[in-house]
Structures are given as structure tokens and as C-alpha cells.
Amino acid sequence: TAVARHGKFKADQWFAYCSSHIPPTRILERVEIDHTPLDLILLDDQLGIPLGRPYLTLLIDVFSGCILGFHLGYQAPSYVSTAKAIVHAVKPKTELDKLNIQLRNTWPCHGKIETLVVDNGAEFWSKSLEHACNEAKINIQYNPVRKPWLKPVVERFFGMINQYLLIEIPGKTFSNILAKEEYKPEKDAVMKFSTFVEEFHRWIVDVYHQDSNSRDTKIPALRWQQGIDVFPPLEMSGDRSLACFVDID
């Protein structure tokens, strides 16, 4: 009845009818990628004026729950932002030494991705991404339309960012315009773009990766190390390995 009256998508939502994927057995076997606009207004580093809400492109390893890499910018999601995030994910995180912050832990997550799980955004269907992943021997798995539950790990992480990281930062805006009411986040924004990038690194490395999940069954950093000990992934750190992404790195 619900299908006939409201369509299959609504019926699946109401009655929780959703399929699932086979859980991975090793790190980098299944990696999810997606974009989201952050609920935060940031300032230009030189001019100090509000830039608006940046777009975050992020990759997460399903087996361990670790963040592999990300890209933050103000251009709409595209092949360029996707490719830059992939390069950041597969290469060792040597840029941590250049940050103006002190980290208590390392970010060891990198290596060749086996399967990259994407949705049906235009940037994921581009010939450039298909060609680059084919050259790097990365399989692309396209999820069916309007079924975000088949890419649940990255979707859940975006919710965690808004709930735990951005909630106390001045300049936070709202995804729902009704929740915004009379609040003007542009007037309260105080954090510069570069400062947020550094603090986002700190939150990933020293907070999220070191904390257990809600059921106390998995600590991402520990899970990653266990995966390394059992089945270490292939390296993709050399220039030749990433030649397919050289134009955007």
C-alpha cells in the first residue's frame, strides 16, 4: 500500500527495508568517499572576511573506521576535489610535520585502496576519475540511486563532525534553515580557514582515531594497527604509482 501511494523510496524508509554490504575482512578492502558542506562559517586568512561554508571531501576505511584522507575547499564537489582527497588518502601523511600544532599521535593510514565506494554524483561518474582509478588499479563501486544506507560509515561520520567537532565553534550554522531562526553565524565567525584545517587534523588524529565507538567494540587506531599486522596494504607513495593523479596533486 505504501509503495502504491507514496513510492518505493518512501516505503523503504518507513519500513526500514534496506539491504547491506558484506563486511570487509581487512583494511583498505572497502573505502567510502563522499562530500558534504560543513555547518560552519570560516574566515579568509588574510582579509578576515567570512568565506562561507566549505565543502569537505572525505575517505574512510570501513574495516577500521579510520579516516584515510580529506580535501577542504570552497569549490563545489568535482573531479578535482575528489582526486585531491584520494591522493591525500593513499600517500603517507608527511604534511603533519608542517602544521603549527603539536599532535600526540601519528596518522599511519595510507596505502592502495582496493574498492572505492561512491554514490551517483556527477563527479564520481566522470571519465577522468574512471581513468585515474583504472590506472591506479582501484575498483569503483557505484551505489544504487537514493540508497545512502549502502554507504553508512562516511554518512555517520559527517553527523559526528557536526555533533562533536563543530557544535561549540563560533560561526556554526545549521543544515536546517528552521533551526537557524534569527541567528547570524556570519557575525560570530572567528576561526580562520587555516586554523580549522589544523584543528581538524588534531581532532582526527588525537580524538576520533583514539576513541572507541558507541558500543565500545572498536578503536579506529587500534583496529588499523591490527589490520597492518595481519595483512599490510600495498604502498602507493611513489611518483610513478600516482602518475594518474599528477595533474591535480
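Up top is the structure these notes are about.
A. Focus on the nonpolar core. In terms of nonpolar packing, the biggest core is built from 56 residues, with L58, L59, L116, I161, F196 and F200 touching the most fellow members. Breaking this core down by element, the ones donating at least two residues are β1 (31–37), β4 (55–61), β5 (67–73), α3 (79–90), β6 (115–118), α4 (127–135), α5 (152–165) and α8 (193–208). The greatest single-element share of this core, amounting to seven residues, is contributed by α8. Leaving out residues up to four positions away in the same chain, F196 has contacts with L38, L40, L42, L72, L165, L166, I169 and M191.

B. Spotlight on α3. Under the 1.5 Å per step criterion, the end-to-end length of α3 is 16 Å for 12 residues, consistent within 8% with the ideal 16 Å. Among the 12 residues that make up α3, 10 are buried, leaving the element largely enclosed by the rest of the structure. Taken as a whole, α3 has its buried residues at Y79, S81, T82, A83, A85, I86, V87, H88, A89 and V90. Tucked inside the fold, the buried residues of α3 contact β1, β4, β5, β6 and α4.

C. Geometry of the pairing of β1. With six of seven residues buried, β1 lies mostly within the body of the structure. Bridge analysis of β1 against β4 gives seven bridges, and the strand direction is antiparallel. Counted as the bridge partner of P37 is Y55 from β4. Across two bridges, β1 lies against β6 in parallel orientation. Among the inter-strand pairings, E32 is bridged to a residue of β6, identified as V117.

D. Up close: the sheet that holds β5. As summarised here, the arrangement of the five strands in space is β5-β4-β1-β6-β7, forming an open sheet in which the pairing is mixed. Edge strands, defined here as strands with exactly one partner in the open sheet, are β5 and β7 (139–142). With strand direction ignored, the average angle separating the axes of adjacent strands in the sheet is 20 degrees. Direction of pairing for β6 relative to β7: parallel, over a ladder of four bridges. For V118, the partnering residue across the bridge sits in β7 and is Y142.

E. Just the side chain of K93, in detail. Within the element layout of this structure, K93 appears in the loop between α3 and β6. For the buried residue K93, which engages in no salt bridge, the nearest side chain bearing the opposite charge is E95, 6.4 Å off. A distance of 3.3 Å separates a polar side-chain atom of K93 from the backbone oxygen of A89. In this structure K93 touches L68, H88, W107, C109 and H110, once residues within four positions along its chain are discounted.

F. Quick look at the packing of α3 against α4. The geometry of α3 relative to α4 is characterised by a closest axis approach of 10 Å and an angle of 20 degrees between their N-to-C directions. Of the possible angle classes, the one that applies to α3 and α4 is roughly parallel. Two packed elements cross with a definite hand, and for α3 against α4 that hand is right-handed. Residues Y79, T82 and I86 of α3 form the contact with α4, whose participating residues are S128, L129 and A132. For the contact of α3 with α4, a count of residues per class yields four nonpolar, two polar and no charged.

Calculation rules
Residue indices begin from 1 for each chain and proceed along its sequence in written order. Totals for whole chains, interfaces and linings use every residue, but because this is a predicted model, local features are given only for residues with pLDDT of at least 70 and side-chain atom pairs only at 80 or more, for both listing and counting. Water and hydrogen atoms were dropped before computing side-chain values, which therefore reflect all heavy atoms in the structure. Put simply, a nonpolar core is a bunch of buried Ala, Val, Leu, Ile, Met, Phe, Trp, Tyr and Cys residues held in one set by side-chain atoms that sit within 4.5 Å of each other. Residue exposure (1.4 Å probe, protein chains only): buried if accessible area is under 20% of the type maximum, exposed if over 50%, otherwise partly exposed. Only DSSP runs of H or I with at least four residues qualify as helices, and only runs of E with at least two residues qualify as strands; both kinds are numbered from the N terminus onward. Contacts: residue pairs with any heavy atoms within 4.5 Å of one another. Helices are assigned an expected span. That span is 1.5 Å times one less than the residue count. Whether two strands pair depends on DSSP finding at least two bridges between them. Axes here mean lines fitted to C-alpha atoms, for a helix over just the part in contact, with angles spanning 0 to 180 degrees between N-to-C directions. For the purpose of charge, His is not counted, nor are the chain termini; Lys and Arg are scored as positive and Asp and Glu as negative. When a carboxyl oxygen of Asp or Glu is within 4 Å of a side-chain nitrogen of Lys or Arg, the pair counts as a salt bridge. Whenever two N or O atoms come within 3.5 Å, that pair is a polar contact, provided that in protein one can donate a hydrogen and the other can accept it, and provided that, for residues adjacent in sequence, both atoms are side-chain atoms. Roughly parallel refers to an angle under 35 degrees, roughly antiparallel to one over 145, roughly perpendicular to one between 65 and 115, and oblique to any angle outside these ranges. Crossings are sorted by hand: turned counterclockwise from the far helix by less than a right angle, the near helix makes the crossing left-handed, and turned clockwise it makes it right-handed. Charged residues are taken to be Asp, Glu, Lys and Arg, nonpolar residues to be Ala, Val, Leu, Ile, Met, Phe, Trp, Tyr, Cys and Pro, and polar residues to be all remaining types, Gly included.

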